[in-house]
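Observations on the model geometry
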Amino acid sequence: MFRRVDLDGFEVEAIGRNVARVSYATSLMKKSVLISTTEHLLSALIGTGIDNAIVELDNLELPILDGSARPFVDAILKSGIRKQRRPRTYLRMRREVEIREGDKFIAVYPADSYSVSYTINFPHPLIGRETFSVDLSNGSYFTEIAAARTFGFLHQAEAMRQQGLIRGASHDNAIVLTQDGIMNPPLRFKDEFVRHKVLDLIGDLALLGRQILGRVVADRAGHAMHTALVSRILRDHSLWEETTVDAELAHTPDDTRLAVQPMA
Ligand SMILES: [Zn+2]
């Protein structure tokens, strides 16, 4: 739940029906109150196993920080996570859902845990075709995903700025691509780009409102397809069931915290 403290505490639920705009980032809107760029924080919350939180902000946009989810994860772990008495509710896929749009593809298949496999094909000498797969039930979010930063082309930045987007963008909060390299090396991972797409997808799928049990596969998708998958799932209740599962299968922040290593 997002709460705008600058607007008398107006609340906007982090749920698919409030999705407003999905060009460069995912934004929520309720009664014309906007919450912009929700995906990195929501990703950090899912990655740390949190499904019940109130996020207060005094502005319409969440801070971009370093362009990854890492600062959010660090802050969450520093403040602590309270385990609640009520068992966690999961959205367990019962049937597959596949969405295709030209050469873009996104799908979710029934599974006992939450895993994501993402493929990108980006025309750039440092990227090209990259695939990354991760199972989120074993703490790999912290080590494999959280630190991956967003990226963009230098020549797109000016156009985006003119649309009023990425107002706070700089070399400190994104990987800036030039024609044949990057302006601000080094990369945190050789395949940081596709890992960031996984980070975004996890954040967008948080808008299902429950943690998911399913195997998600995406190929050249983006925020629009991520949130289209959310809408499709929420619209058709025959695709899934609500369930509580044994704690062994679930995220266990106390254990995963051990896997957290400080950034180099
Ligand atoms: Zn992102």
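Residues numbered from 1 in each chain as written. Predicted model: local features only at pLDDT ≥ 70, side-chain atom pairs only at ≥ 80, totals over all residues. Heavy atoms only, no water.

Considering the coordination of the zinc ion
Protein-derived coordination of the zinc ion comes from His40 (NE2), His196 (NE2), Asp200 (OD) and Asp200 (OD), at a distance range of 2.1 to 2.7 Å. Considering all 4 donor atoms around the zinc ion, the spread of angles at the metal, 52 to 150°, places the coordination shape in the irregular class. If you list the donors of the zinc ion from N- to C-terminus, the spacing comes out as H-x155-H-x3-D. Pair noted here: histidine 40 is in helix H1 (residues 39-47) and aspartate 200 is in helix H5 (residues 192-205), with a separation of 160 residues, a long-range link. Like histidine 40, the residue aspartate 200 is buried in the burial classification. (Donors = N, O, S within 2.8 Å, 3.2 Å for Na, K, Ca; no water. Tetrahedral: all angles 85-135°; square planar, octahedral: opposite > 155°, others 65-115°. Helix = DSSP H or I, 4+ residues; strand = E, 2+ residues; numbered from the N terminus. Buried < 20%, exposed > 50% of the residue type's maximum accessible area, 1.4 Å probe, protein only.)

Quick notes on H1
In an α-helix there are 3.6 residues to a turn, and that puts residues three or four apart on one side. When you tally the buried positions in H1, you get 9 out of 9 residues, the bulk of the element. Listed in full, the buried residues belonging to H1 are Glu39, His40, Leu41, Leu42, Ser43, Ala44, Leu45, Ile46 and Gly47. Glycine 49 sits one or two positions beyond H1 and adopts a positive phi of about 80°.

Details of the side chain of asparagine 18
Its location among the elements puts asparagine 18 in the loop between strand E2 (10-12) and strand E3 (19-21). Residue classification places asparagine 18 among the buried positions, given a relative accessible area of 6%. Dropping the residues within four chain positions of it, asparagine 18 is found in contact with Val12, Glu13, Ser27, Leu28, Met29 and Lys30. (Contact = heavy atoms within 4.5 Å.)

Overview of the confidence of the model for the protein chain
For the protein chain, the average pLDDT comes to 89, and 90% of its residues sit at 70 or higher. Contacts for the low-pLDDT stretch residues 252-264, under 50 throughout, to residues beyond four places or in other chains number 17 contacts. (pLDDT = per-residue confidence, 0-100.)

Some points on the sheet that holds E2
Here 3 strands make up an open sheet; going across it, the order is E2-E1-E6 and the pairing mixed. Among the strands making up the open sheet, the edge pair consists of E2 and strand E6 (55-57). The mean angle between the axes of side-by-side strands here comes to 25°, regardless of whether they run parallel or antiparallel. (Pairing = 2+ DSSP bridges. Axes fitted to C-alpha atoms, helices over the stretch in contact; angles between N-to-C directions.)

Some points on the pattern of salt bridges
Applying the stated criterion to the full structure yields 15 salt bridges. In this structure, the salt-bridge partner of glutamate 241 is arginine 92, at a minimum N-O distance of 3.7 Å. Separated by 149 residues along the polypeptide, glutamate 241 in strand E15 (residues 240-243) and arginine 92 in strand E7 (residues 90-93) bring together distant segments of the chain. A salt bridge links arginine 195 to glutamate 144, with the shortest nitrogen-to-oxygen separation between them at 3.0 Å. (Salt bridge = Lys/Arg side-chain N within 4 Å of Asp/Glu carboxyl O.)

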